[in-house]
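Spelled out from the first residue to the last, the chains are:
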Amino acid sequence: MSGKFSDKMCNALNEQVKNEYFSAYLYLAMSVCCSEMNLNGAAAWFRKQYEEELSHGDKMYKYMIERGARVKLLQIDEPRFEWESLPEMFNNALGHEKYITSLINNLVSIAYEDKDYATLSFLQWFVSEQVEEEANVEEVIAKLEMAGASKGNLIYIDKELGKRKED
């Protein structure tokens, strides 16, 4: 046992901390790419997403420390950093969020196996957050699909993306 976790749960949580920080890194790369495309509203949207993912990683490692576990900061892979278009970027973001959802669901499964009810309660926040994350990205994708190839519509959507409030 590592703290109040099974070794399996502790290892999975350490992996998830890494994945949350990778998500932040990926969204920062998307923000940079948007800036290079002069899509400053989308750059701001992805920058907020970057900050949110950092807070997710922080929340998870602080929980581990609170429960007496050893936090191991695992190596973060280099993210992709080039996309051809904003729709491609948001579709990539949706795929990534669905992947993160599957990882959170796996953590829940391990917590059930371990009868670790404190961690089940803690993970419920992440389960709900992932529903919101996927819905937010799906909404942007739907708007981009409605906009089609219109540059004027893209400029409008970019401006709206820049108005994103803190979640």
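The structure reproduced in this document is the subject of the present report.

Rules of the game
- Residues numbered from 1 in each chain as written.
- Predicted model: local features only at pLDDT ≥ 70, side-chain atom pairs only at ≥ 80, totals over all residues.
- Heavy atoms only, no water.
- Salt bridge = Lys/Arg side-chain N within 4 Å of Asp/Glu carboxyl O.
- Helix = DSSP H or I, 4+ residues; strand = E, 2+ residues; numbered from the N terminus.
- Buried < 20%, exposed > 50% of the residue type's maximum accessible area, 1.4 Å probe, protein only.
- Contact = heavy atoms within 4.5 Å.
- Polar contact = N/O pair within 3.5 Å; in protein donor to acceptor, adjacent residues only side chain to side chain.
- Arc of directions from axis to C-beta.

One pass over the structure, following the stated rule, counts 8 salt bridges. Put simply, Lys 18 and Glu 15 hold a salt bridge, and the shortest N to O gap is 3.1 Å. One end of the pair, Lys 18, and the other, Glu 15, are both in helix 1 (residues 7-36), 3 residues apart, so they sit about a helical turn from each other. Of the charged contacts in the structure, one is a salt bridge between Glu 51 and Arg 47, with a shortest N-O distance of 3.5 Å. Of the two residues, Glu 51 and Arg 47 are both situated in helix 2 (residues 40-66); the distance of 4 residues between them amounts to about one turn of the helix. Judged by relative accessible area, Arg 47 falls into the partly exposed class, the value being 38%.

This part takes up the environment of Asp 114. By secondary structure assignment, the location of Asp 114 is in helix 3 (residues 86-114). Given a relative accessible area of 31%, Asp 114 falls into the partly exposed group. Between the alpha carbons of Asp 114 and Gln 130 there is a distance of 23 Å; along the sequence they are 16 residues apart. Those residues within four positions of Asp 114 in sequence are excluded, and the remaining contacts are Ser 6 and Met 9. For Asp 114, the side chain forms a polar contact with the side chain of Ser 6, separated by 2.5 Å.

Let us look at helix 5 (residues 151-161). Residues Ile 157, Asp 158 and Leu 161 constitute the buried set of helix 5. For helix 5, the arc enclosing every buried residue in end-on projection is 105 degrees, short of the 170-degree limit, so these residues lie on one face. Opposite the buried face of helix 5, at more than 90 degrees from it, the exposed residues are Ile 155, Tyr 156 and Lys 159. Looking at the buried side of helix 5, the elements it contacts are helix 2, helix 3 and helix 4 (117-147).

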